[in-house]
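Commentary on secondary and tertiary structure
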Amino acid sequence: MFDFLTQTLSGEPPAATTGQTATLDWIWRAEGILELSPHQPCNSAVVISAGIHGNETAPIELLNQLVSELLRGERALKVRLLVLLGNPPSMQANKRFVDADMNRMFGGRHARYVPGGETRRAHQLEQAMALFYRTSSAAGAIRRFHYDLHTAIRGSLHVRFGLLPLQTRPHGAEMLHWLDAAGLDALVFHRSPGGTFTHFSSEVFCADSCTLELGKALPFGSNDHQQFTGIRLALEALVSEKPLPERQADAPLKRYRVTQDILRSQEDFQLHIPGDALNFSPFPKGFVIAEETGKVFRVEAPEEYVLFPNASVALGLRAGLMLELERF
């Protein structure tokens, strides 16, 4: 049986592109796109993706381990499962992306970019997801989930956190319970649509979707998987429909809502967040976050927390988020 990650990085399909084990059927749909179906009927269709940014290796390793256990028959599969390694060329190069950030391209936004490897791959992933959810519905799987696994560029005061896309319907209680059991430190609720993979799956397919940020980007083989034990156990429970693990975290799950999207629209844009500031660092009311011709971004609430500050993004893209902690 092939190793999913090794086979994907080789750039070649396996010798056979379909097969079965004693408990499941599998289909190699394309490079880094593997579909697994249990022999018995099921009512859940689950997509787990990683490697949308190629240098975010810890989730890729976690996902590959899970796939290997399923293919070897060491773990029962009780859901229809689509596994996606998002950006193989950038994984091979240990780079975030080759030409442009793919996680800004979903929902058809890839058509706005200069055609290249990432635009073609974003379109291919959209099509793979559409085919999977369509065939899953035909097979009776009516519950849809999507977890997109990432790591952050910079360090964070919360090592493990989730980002929930804007949606008009409530976020699924089952998913929120799963995120809590997985040991996440925090959840961030978006207030505007975006080009992320999880916004696409939520908006187009009404999937319960969440982007998971797990630690900091490191090369393959350099990750401390002990800090992701809760995520691993929760993923195992998800695909095998086993009871969720007990929450392994010292503090309750915190919830943040986005208060400001810091957009870079002018060449003279300046970001005043210190370069060594960790994600979720707090800033007081009145602090000047960033400025450019015609616009000054200030902290408006008594205290706001920064997420993903990055002054070097292209014009028109988000240079950071500001958050407010929800009080209960």
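Analysis parameters
- Along each chain, the written sequence defines residue order, and numbers are assigned to residues from 1.
- A pLDDT threshold of at least 70 governs which residues receive local features in this predicted model, and a stricter bar of 80 or more applies before side-chain atom pairs are shown or counted, although totals over entire chains, interfaces and linings include all residues.
- For the side-chain quantities, the full set of heavy atoms in the structure was used; hydrogens and water were omitted.
- By the criteria applied, helices consist of DSSP H or I runs no shorter than four residues and strands consist of E runs no shorter than two, each listed in order from the N terminus.
- In this scheme, a residue with accessible area under 20% of its type's maximum is buried, one over 50% is exposed, and one in between is partly exposed, where area comes from a 1.4 Å probe on protein chains only.
- In what follows, a contact means two residues having at least one pair of non-hydrogen atoms within 4.5 Å.
- Only the protein chains shown count as cover for residues, with accessible areas throughout obtained via the Shrake-Rupley method and a probe of 1.4 Å.
- This count recognises Lys and Arg as positive and Asp and Glu as negative, with His and chain-terminal groups excluded.
- All charge positions are set by atom: Lys at NZ, Arg at CZ, Asp at CG, Glu at CD.
- UniProt positions are given in the numbering used here, feature names are shortened, and annotations may be inferred rather than shown by experiment.
- Strands are treated as partners if at least two bridges between them are detected by DSSP.
- Look down the strands so they point away from you; if going from the first strand over the helix to the second traces a clockwise path, that crossover is right-handed.
- Criterion for a disulfide: a pair of cysteine sulfur atoms within 2.5 Å.
- Residues enter a nonpolar core if they are buried and are Ala, Val, Leu, Ile, Met, Phe, Trp, Tyr or Cys, with the set joined through side-chain atoms within 4.5 Å.
- Stacked, tilted and edge-to-face are the three classes assigned to paired rings of Phe, Tyr and Trp, where Trp is represented by its six-membered ring and a pair needs centres within 6.5 Å; plane angles under 30 degrees give stacked, over 60 edge-to-face, the rest tilted.

A few points about the overall build of the chain
Across its full length, the chain holds seven helices and 16 strands. Its C-alpha atoms give the chain principal-axis dimensions of roughly 60 × 45 × 40 Å. Expressed as a percentage of its 328 residues, the buried residues of the chain come to 55%. Contacts spanning at least 24 positions in sequence make up 72% of the contacts within the chain whose residues lie at least 6 apart. When the accessible surface of the chain is split by element, carbon and sulfur atoms take 52% of a total near 14100 Å². Taking the 32 positively charged and 36 negatively charged side chains of the chain as two groups, their mean positions are separated by 3 Å.

Here's the deal with the UniProt feature "active site" (unreviewed entry) in the chain
The UniProt record annotates "active site" (unreviewed entry) at Glu-213. The topology assignment puts Glu-213 in strand β9 (residues 208-216). For Glu-213, a relative accessible area of 7% translates into the label buried. Setting aside residues up to four positions removed in sequence, Glu-213 forms contacts with His-150, Thr-151, Ala-152, Val-159, Arg-160, Phe-161, Leu-163 and Phe-308.

Structural notes on the pairing of strand β5 (residues 80-85)
Counting buried positions over the six residues of β5 gives six, a clear majority of the element. Side-chain alternation along β5 places Arg-80, Leu-82 and Leu-84 on one buried face and Leu-81, Val-83 and Leu-85 on a second face that is also buried. As paired strands, strand β3 (residues 33-38) and β5 are joined by four bridges and run antiparallel to one another. By the bridge assignment for β5, Ile-33 is matched with Leu-84. Crossover connection from strand β4 (residues 44-50) via helix α2 (residues 57-71) to parallel β5: handedness right-handed.

Here we look at the state of the cysteines
The tally for this structure, following the rule as stated, stands at zero disulfides. In this model Cys-206 remains outside any disulfide bridge; the closest cysteine sulfur is found in Cys-210, 17 Å from its own.

Digging into unusual backbone geometry
Here Asn-94, not a glycine, exhibits a phi torsion of approximately 50 degrees, which is positive. Within the element layout of this structure, Asn-94 appears in the loop between α3 (88-93) and α4 (117-138). The phi torsion at Phe-280 lies on the positive side, around 75 degrees, for a residue other than glycine.

Some thoughts on the sheet that holds strand β14 (residues 295-298)
Ordered in space as β11-β13-β14, the three strands form an open sheet in which the pairing is antiparallel. On the outer flanks of this sheet lie β11 (270-271) and β14, each paired with one strand and no other. Examined bridge by bridge, β11 and strand β13 (residues 288-292) share two bridges and lie antiparallel to one another. Bridge assignment links Gln-270 to a residue of β13, and that residue is Glu-291.

Some thoughts on the nonpolar core
Core analysis: the largest hydrophobic core is formed by 47 residues, its most contacted members being Leu-36, Ile-48, Leu-81 and Leu-179. When residues of this core are assigned to their parent elements, the largest contribution, eight residues, is made by α2. With 22 residues, the next largest nonpolar core counts Leu-84, Ala-100, Phe-200 and Phe-205 among its residues.

Structural notes on helix α6 (residues 197-205)
Residue pairs spaced three or four apart in an α-helix point in one direction, given the helix's 3.6 residues per turn. Of all the nine residues making up α6, seven are buried; the element is thus mostly covered by neighbouring parts of the structure. When we look at burial in α6, the residues that qualify are Phe-197, Thr-198, His-199, Phe-200, Ser-201, Ser-202 and Phe-205. Positive phi appears at Cys-206, one or two residues downstream of α6, with a value of about 55 degrees.

Focus: the packing of aromatic side chains
Per the stated rule, a full pass over the model turns up 14 aromatic pairs. Ring geometry for Phe-106 and Phe-197: centres 4.2 Å apart, planes at 15 degrees, overall stacked. Placement of the pair is Phe-106 in the loop between α3 and α4 and Phe-197 in helix α6, with a sequence separation of 91 residues. Across the pair, exposure class does not vary: Phe-106 and Phe-197 are buried alike. Consider the rings of Phe-161 and Phe-280, whose centres lie 4.9 Å apart with planes at 85 degrees: the pair is edge-to-face. Placement of the pair is Phe-161 in strand β7 (residues 160-164) and Phe-280 in the loop between β11 and β12 (282-284), with a sequence separation of 119 residues. Of the two residues examined, Phe-161 and Phe-280, each falls in the buried class. One aromatic cluster in this structure is built from Phe-106, Phe-132, Tyr-133, Phe-197, Phe-200 and Phe-205.

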